[in-house]
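Here is how the chains run, residue by residue.
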Protein chains: 4
Amino acid sequence: MLKVALLGAGRIGLVHAKSMTATTASRVVAVADVNMQAARDLADRIGAQARSVEDILADTDIEAVLIATSTDTHSDLITRATAAGKAVLCEKPVDLSLERALATLAAAEATGCPVMIGFNRRFDPNFAALKAAFDDGQIGAGELLSITSFDPAPPPVDYIASSGGLFRDMMIHDFDMACWLFGGPPARITAQGASLVDPAIGAAGDVDTAVVTMVWDDGRLAVVKNSRRAGYGYDQRIEILGSGGLLSASNVLENTVQKITTAGAVSAKPLHFFLERYMRAYEDEWAAFLTAVTTGAPMPVTLREGVAALACAEAATRSLHGGASVAITPDMLG
Amino acid sequence: MLKVALLGAGRIGLVHAKSMTATTASRVVAVADVNMQAARDLADRIGAQARSVEDILADTDIEAVLIATSTDTHSDLITRATAAGKAVLCEKPVDLSLERALATLAAAEATGCPVMIGFNRRFDPNFAALKAAFDDGQIGAGELLSITSFDPAPPPVDYIASSGGLFRDMMIHDFDMACWLFGGPPARITAQGASLVDPAIGAAGDVDTAVVTMVWDDGRLAVVKNSRRAGYGYDQRIEILGSGGLLSASNVLENTVQKITTAGAVSAKPLHFFLERYMRAYEDEWAAFLTAVTTGAPMPVTLREGVAALACAEAATRSLHGGASVAITPDMLG
Amino acid sequence: MLKVALLGAGRIGLVHAKSMTATTASRVVAVADVNMQAARDLADRIGAQARSVEDILADTDIEAVLIATSTDTHSDLITRATAAGKAVLCEKPVDLSLERALATLAAAEATGCPVMIGFNRRFDPNFAALKAAFDDGQIGAGELLSITSFDPAPPPVDYIASSGGLFRDMMIHDFDMACWLFGGPPARITAQGASLVDPAIGAAGDVDTAVVTMVWDDGRLAVVKNSRRAGYGYDQRIEILGSGGLLSASNVLENTVQKITTAGAVSAKPLHFFLERYMRAYEDEWAAFLTAVTTGAPMPVTLREGVAALACAEAATRSLHGGASVAITPDMLG
Amino acid sequence: MLKVALLGAGRIGLVHAKSMTATTASRVVAVADVNMQAARDLADRIGAQARSVEDILADTDIEAVLIATSTDTHSDLITRATAAGKAVLCEKPVDLSLERALATLAAAEATGCPVMIGFNRRFDPNFAALKAAFDDGQIGAGELLSITSFDPAPPPVDYIASSGGLFRDMMIHDFDMACWLFGGPPARITAQGASLVDPAIGAAGDVDTAVVTMVWDDGRLAVVKNSRRAGYGYDQRIEILGSGGLLSASNVLENTVQKITTAGAVSAKPLHFFLERYMRAYEDEWAAFLTAVTTGAPMPVTLREGVAALACAEAATRSLHGGASVAITPDMLG
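Residues numbered from 1 in each chain as written. Chains lettered and ligands numbered in written order. Predicted model: local features only at pLDDT ≥ 70, side-chain atom pairs only at ≥ 80, totals over all residues. Heavy atoms only, no water.

Looking up chain A in an unreviewed UniProt entry gives the name Inositol 2-dehydrogenase, with the organism given as Paracoccus gahaiensis.

Written out as structure tokens, the structure reads:
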């Protein structure tokens, strides 16, 4: 049983605490948070100790840490934790600054410690089945990938301001998904976007609705659609046109009930909340991390991949403001 | 081009007139109806002549007749038309009296003239595809057949009174479908039913909601559900459980539009009217009849099969009133 | 936190152990089983003690027991546990003998201790949503209920022999579902069945494929279809035709992936195993039991309802052998 | 009954001949084609006369013409027919040259004769229902429109060379659809594309797979995906995200049959051929044209709208080659 620590006891930290304690393959022995009370509350609840980050990193009994702190601390904590010899699972994104993320990548790789980035959607059973079928060649060569990713409702405008913008905060999941499905980052990215949902988001310098096109060197295309407000639920769909057919993964619905009356046939909406949709994915993500740590197998999502997704977000942000497509150059990938 | 006559210019006659004139393989040269004005109106519209039945049967240029008159005239017209050497396509049911239908069968078979009964649903492209997949062995041996057949709204109570009852008037389609799919009539039939839709239907001695179970000699089972009033449309579904899987044909919907809001996902209802759903089936039925007449191939739905469906209806009626299951004996099949 | 004991550490006992330990509202302090080693193994794993049934029933600290032992012990254990003042959740069926079940009902009701029967499907989120919509009047008055319930594969023939037959062992779930949805037991039941899946099942005196029709006093109808072998998965569907429309709950599929090629559009099968489909239902069932015990609210599934389902199974068994429909009389319901 | 002439007896002319003769509201009295034999064959078959274009335009009995000739003759024929006082229904696109199309627009508008462009998809019952629901405000204000439009197989490379390219030949339908749904042409267009299906298409200077993004002045976005080869059928879908929900129209399938086995659940593919999918649309298009001609109502698809779609195609072509987004300026719209 692996002894592990959880850094961060906020919203996403609590999510991870749930999957970390659902397995017997690891034991959470320590929790850290800038808010010591939050750390203590969570630690008490799961039979761990509230400790400082320094303490945790110095404890050689602790083999791995999960970083679920605020984004601006990710790079520093990855660097320190790998320097201390820990295996690391860090929440997305690696950083809001591509430059800093590249420095973190260099530092972490120098230590040889394994780092995984928490792109939880790869572990969603539906998307995982789509990927498996695609890699199995069931629709031949991929040609045109479409990702629809709409949130049910926008976050508070305060959050928007420090989020790094739609591309680094929200679409980064879809960039990773596209790179994962198509085997690496694209050659160029073009972005269009607008603030249609809430003018306050536009006033904060961000967009809430966007379409991004990715082109690979061999001509393959991907298009990602994001909206901060679908209203009816969490809309998460993927579709790949290949030389031999179409593969898609549609939404998970609230239930299977249908009512047919003179007003039409009414079925359930997509699940509304990301936790309902992705709780299983968080569990499988943690299990995959533990397996990789204990067997020494490559991380299922590498830090390098986390940087590639950030490079896409960087390119999309530049394209949105400049109006033209932006190349993903080798120096952006580390 | 086959010269043909249409006997009956009422509602169902008009339906047939449409498919009979949609093909160039036949030409409707004569129309008869007890209502001479109706015959003349229709004849004028399709470039035919209004003539008496006697006249039509005596005209050796006319090779085939389609009988779409009221049910109580079917037996007589089949008998006279085959005696006159015509090929016959007669609307369902053959008769309301099994005894009379058996006599008609004997008389018609003695003439050697081909007779087809108009079980149009066999020609619905969805049910035809289901049958083809089943006969192809795609789900192995059939074990349990389910037919759902709900009308959108009950007919006038006047009609009910002379209809022969739910089993002879409405479920007879489903009896034919079951016999067709499972390769012949069942050994026993059990019926339950009630008047839940309209008390006037019950007062007229009929049921408007019924469940009938059919058992074949080898143990295979079928269950048919009928309702005179689904409200939301014309609900026509078939499902077969086989040793290797499940085959089903679901409803044809009004369109493919879906709306998802916080109130759920709303799709279109099934098509509401039997003509919307089955117009194509009527066309294919007529084409199949013409092909059989001109090539001498066996009729796609024989008079004998029409009698078998009526025997099922007879057994179901008796079971409903007697409470026990009723055997389909050889003398009921002719 | 309620202290509870689990009687039975076999297959279904392990299922319940999982949901019993997933909540903090109860604590399993004792496990009993005729196989002491099985009891010890499970007890060790969940931090409980392996004890005898006598011991458990005598321990006044234990407020409730879950009976997951073999069916032939249910009546005796319900009687003894209620006599000892425990709240009881007992697996279905109450008994294979209606007579014994009625005696148990009388004895248990005399103690005033609450008894719940484990009809887990009522707690499936899909069926629960269907029931809620129906009770809410969304399709008006119920008229015709259809339940499809197919297992993926038959149990060992050994099991069949002591199972009480298809109706008491498998369709009892559907009888309860029908009585629950339509607000009480039907007036009459008619059964047809055959051994189509495995001749050994027929040789053991049982059927593996069956259609049962239920008729309520007011004419409402239900039809239940069972097969021991659907092959493609666990097929669990419900459909209600009401005066104002149709309500249905369809299967839960393995995932939402679809592949479209020239060979057609391929989607996932229904979940294959009852635990995949109903694990959540077992959890909600246990939670509902705990809530009722602690609040004193009526049991969500009463022992009386468990007896009613058994009375339906008894009537279906008699109908299958006798050929006619069988009435559910008041003396069968206790 | 309107006397009309059909100009063009090639593939698409034959399609129109079918819908033009299916109604009694018009009578095709003349057919013209550069291939006189083709004109005669078709004319004979539908009871019309083969005549020259000059002759037809000079015949004052003929009130309307349908232009189904090769694209390079559209502008000239629209100009001459309106000059001759005829109402015109012309196949898409107006022209391959935006400049020529603008001149034609000016000339035709000067005559006051009504001209309709044959964007048949607007008349597809599914897309028409989507449009009606959207205009009815059922999902609030439109924000993000997605159009998927894949052909089953690419046309001959010969055809590609003279087609004007993917955007003018194929995506022009989708440009019209987007402008129709969002109430006018967008402000800017960005195109990405590649030749992934057939290198010969790339060698001919065209792309066979493309993603185009359209942005309206108020920030609304649309994305159109085209592929010349979906393989599995004719894939035609539309989806609109609005402030209040999502509206979509999915594909029309070959039939409603589903087969579930251990290999999964197999349903029918989308209809394969554009005529199967859109025959009804061609009929409704012709009927809508006749209604507008006889009532004097505005044309359901104006020549001006045909020019706007061409302007979008022009912008997309320029964007594809230049790499940046291209504005739709007023001078491009006439």
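**Q** Would you mind going over the overall build of chain A in detail, with residue names and values included?
**A** Assigned secondary structure in chain A consists of 12 helices and 15 strands. Compactness check: chain A gives a C-alpha radius of gyration of 20 Å against a globular reference of 20 Å for 334 residues, within 12% of the reference. The principal-axis extents of the C-alpha atoms in chain A amount to approximately 60 × 50 × 45 Å. Burial statistics for chain A: of 334 residues in total, 60% are counted as buried. Taking as baseline every contact in chain A between residues at least 6 positions apart, the subset at least 24 positions apart corresponds to 70%. (Helix = DSSP H or I, 4+ residues; strand = E, 2+ residues; numbered from the N terminus. Rg over C-alpha atoms; globule rule 2.2 N^0.38 Å. Buried < 20%, exposed > 50% of the residue type's maximum accessible area, 1.4 Å probe, protein only. Contact = heavy atoms within 4.5 Å.)

**Q** Which residues make up the packing of aromatic side chains, and what are the values?
**A** Applying the stated rule across the entire model yields 24 aromatic pairs over all chains. Aromatic side chains Phe182(B) and Trp216(B) sit 5.1 Å apart centroid to centroid with 75° between the ring planes, which places their arrangement in the edge-to-face category. Separated by 34 residues along the polypeptide, Phe182(B) in the loop between helix H9 (172–181) and strand E8 (188–194) and Trp216(B) in the loop between strand E9 (209–215) and strand E10 (221–227) bring together distant segments of the chain. The same class applies to Phe182(B) and to Trp216(B), which are both buried. An aromatic cluster is present here, built from Phe134(A), Phe182(A) and Trp216(A) joined pairwise through their rings. For Arg220(B), the ring lying beneath its charged end belongs to Phe182(B), and the centroid distance is 4.7 Å. (Phe/Tyr/Trp six-rings, centres within 6.5 Å; stacked < 30°, edge-to-face > 60°. Lys NZ or Arg CZ within 6 Å of the ring centre and 35° of its normal.)

**Q** Got a sec to walk through the packing of helix H1 (residues 11–21) of chain B against helix H11 (residues 274–295) of chain B? Specific residues and values, please.
**A** Residue and element names in this part refer to chain B. In the contact formed by H1 and H11, the axes pass within 9 Å of each other and the chain directions differ by 55°. As the angle between them shows, H1 and H11 are arranged oblique. Here H1 and H11 pass one another in a crossing that is right-handed. Here H1 contributes Arg 11, Ile 12, Val 15, His 16, Lys 18, Ser 19 and Met 20 to the contact with H11, which in turn contributes Phe 274, Leu 275, Met 279, Tyr 282, Glu 283, Glu 285 and Trp 286. Grouping the amino acids of the contact of H1 with H11 by side-chain chemistry returns 8 nonpolar, 2 polar and 4 charged. (Axes fitted to C-alpha atoms, helices over the stretch in contact; angles between N-to-C directions. Parallel < 35°, antiparallel > 145°, perpendicular 65-115°, else oblique. Left-handed = near helix turned anticlockwise from the far one by under 90°. Nonpolar A, V, L, I, M, F, W, Y, C, P; charged D, E, K, R; others polar.)

**Q** Provide a residue-level description of the side chain of Thr209(A), including the pertinent values.
**A** Note that Thr209(A) resides in strand E9 (residues 209–215). Thr209(A) sits in the buried class, given a relative accessible area of 0%. Side-chain polar atoms of Thr209(A) contact the side chain of Asp208(A), separated by 2.9 Å. Excluding anything up to four places from it in sequence, Thr209(A) contacts Gln192(A), Gly193(A), Ala194(A), Leu196(A), Val197(A), Asn226(A), Ser227(A), Leu144(D) and Leu221(D). (Polar contact = N/O pair within 3.5 Å; in protein donor to acceptor, adjacent residues only side chain to side chain.)

**Q** Lay out the interface of chain A and chain B in plain terms, naming residues and giving numbers.
**A** Facing the 13 residues of chain A at the interface are 13 residues of chain B. Surface buried jointly by chain A and chain B totals about 940 Å² across both partners, of which 65% is contributed by carbon and sulfur atoms. At the junction of chain A with chain B, the criterion picks out 0 salt bridges. Taken together, the links from chain A to chain B amount to 4 residue pairs in polar contact (both at pLDDT 80 or more). Of all elements in the fold, only strand E13 (257–261) and strand E14 (264–267) of chain A reach the threshold of two or more residues within the side of chain A that touches chain B. Among the elements that make up the side of chain A that touches chain B, the one with the highest residue count is E14(A) (4 residues). As judged from the 3 bridges shared by E14(A) and strand E14 (residues 264–267) of chain B, these two strands associate in the antiparallel manner. (Buried area = accessible area lost by both parts, 1.4 Å probe. Salt bridge = Lys/Arg side-chain N within 4 Å of Asp/Glu carboxyl O. Pairing = 2+ DSSP bridges.)

**Q** How would you explain the interface of chain A and chain D if you had to name every residue and give the values?
**A** Contacts between the two partners involve 35 residues from chain A and, on the opposite side, 35 residues from chain D. On the chain A side of the contact with chain D, Glu143(A), Gln192(A) and Leu196(A) bury the most area, a combined 18% of that side's loss. Its salt-bridge partner being Arg237(D), residue Glu239(A) comes within 2.8 Å of it at the nearest N-O pair. Remark: the boundary between chain A and chain D carries 8 residue pairs in polar contact (both at pLDDT 80 or more). Mapped by element, the contributors of at least two residues to the side of chain A that touches chain D are strand E7 (142–150), strand E8 (188–194), E9, strand E10 (221–227), strand E11 (235–242) and strand E12 (245–249) of chain A. Split into classes, the residues belonging to the side of chain A that touches chain D amount to 14 nonpolar, 13 polar and 8 charged.

**Q** Residues and numbers for the sheet that holds strand E6 (residues 115–118) of chain C, please.
**A** Residues and elements named next belong to chain C. What the 6 strands build is an open sheet, ordered E3-E2-E1-E4-E5-E6; its pairing is parallel. Of all strands in the sheet, those bounded by a partner on one side alone are strand E3 (49–50) and E6. As paired elements, strand E1 (residues 2–7) and strand E2 (residues 26–32) share 6 bridges and run parallel to each other. Bridging from a neighbouring strand, Leu 6 pairs with Val 31 of E2.

**Q** Describe the relation of the copies chain A and chain D, naming the residues involved and giving the relevant values.
**A** Two copies of one chain are present, and they are related through a rotation about an axis combined with an axial shift. Superposing chain A onto chain D requires a rotation of 180° together with a translation of 0.0 Å along the rotation axis, leaving an RMSD of 0.0 Å. The relationship between the two copies is best expressed as a two-fold rotation axis. Using C-alpha coordinates, one finds that chain A approaches the rotation axis most closely at Ala324(A), a distance of 2.4 Å. Interface overlap between copies is the fraction of interface residues in one copy that are interface residues in the other; for chain A against chain D it reaches 100%, indicating a shared surface. (Least-squares fit on C-alpha atoms with pLDDT ≥ 70 in both.)

**Q** Tell me about the domain arrangement of chain A, residues and numbers included.
**A** Residues and elements named next belong to chain A. With domains assigned, chain A is organised as domain 1 (2–121) and domain 2 (124–280 + 308–332). On the domain 2 side, the residues contacting the 16 residues of domain 1 number 26 residues. A buried area of about 1800 Å², summed over both sides, lies between domain 1 and domain 2, and 64% of it is on carbon and sulfur atoms. Looking at the side of domain 1 facing domain 2, the largest losses of area belong to Leu 98, Phe 119 and Arg 121, adding up to 47% of the total buried there. (Domains from an automatic or database assignment.)

**Q** Give a description of the side chain of Asn226(B) that names residues and reports values.
**A** With respect to the helices and strands, Asn226(B) occurs in strand E10. Given the relative accessible area of 0%, Asn226(B) is considered buried. Separated by 3.1 Å, the side chain of Asn226(B) and the backbone oxygen of Ser149(B) make a polar contact. One polar contact links the side chain of Asn226(B) to the main-chain amide nitrogen of Met171(B), over a distance of 3.3 Å. Ignoring sequence-local partners within four residues, the contact set of Asn226(B) consists of Ser149(B), Phe150(B), Leu166(B), Met170(B), Met171(B), Asp174(B), Asp208(B), Thr209(B), Ala210(B) and Leu144(C).

**Q** So, the pattern of salt bridges: which residues are in play, and what are the values?
**A** Residues and elements named next belong to chain A. The final tally for this structure, using the stated rule, is 88 salt bridges over all chains. One salt bridge connects Arg 280 with Asp 284, and the closest N-O pair in it is separated by 3.2 Å. Taken together, the residues span about one helical turn, with Arg 280 and Asp 284 both in helix H11 (residues 274–295) at a distance of 4 residues. In this structure Asp 284 comes out as partly exposed when scored by relative accessible area, which is 27%.

**Q** Any chance you could break down the sheet that holds strand E2 (residues 26–32) of chain A for me, citing the residues and the numbers?
**A** Residues and elements named next belong to chain A. Ordered by their spatial adjacency, 6 strands build an open sheet running E3-E2-E1-E4-E5-E6, and the pairing between neighbours is parallel. In this open sheet, the two edge strands, each paired with only one partner strand, are strand E3 (49–50) and strand E6 (115–118). The sheet contact formed by E2 and E3 spans 2 bridges and is parallel. Looking across to E3, one finds that Val 31 is bridged to Ala 50.

**Q** Run through the UniProt feature "domain: Gfo/Idh/MocA-like oxidoreductase N-terminal" (unreviewed entry) in chain A, naming residues and quoting values.
**A** The sites that carry the UniProt feature "domain: Gfo/Idh/MocA-like oxidoreductase N-terminal" (unreviewed entry) are, in the present numbering, residues 2–119 of chain A. Helix makes up 44% of residues 2–119 of chain A and strand 24%, with an end-to-end C-alpha separation of 22 Å. (UniProt positions renumbered as here; feature names shortened; annotations may be inferred.)

**Q** Describe the environment of Asp95(D), with residues and values.
**A** All names here are of chain D. Counting through the fold element by element, Asp 95 comes out in the loop between strand E5 (87–91) and helix H5 (98–111). By relative accessible area, which is 1% here, Asp 95 ends up buried. Sequence-wise, Asp 95 and Ala 292 are 197 residues apart; in three dimensions their C-alpha atoms are separated by 23 Å. Contact partners of Asp 95, with chain neighbours within four places excluded, come to Thr 71, Ser 75, Arg 100, Ala 101 and Leu 310. Among the polar contacts listed, one links the side chain of Asp 95 to the backbone nitrogen of Ser 97, at a separation of 2.9 Å.

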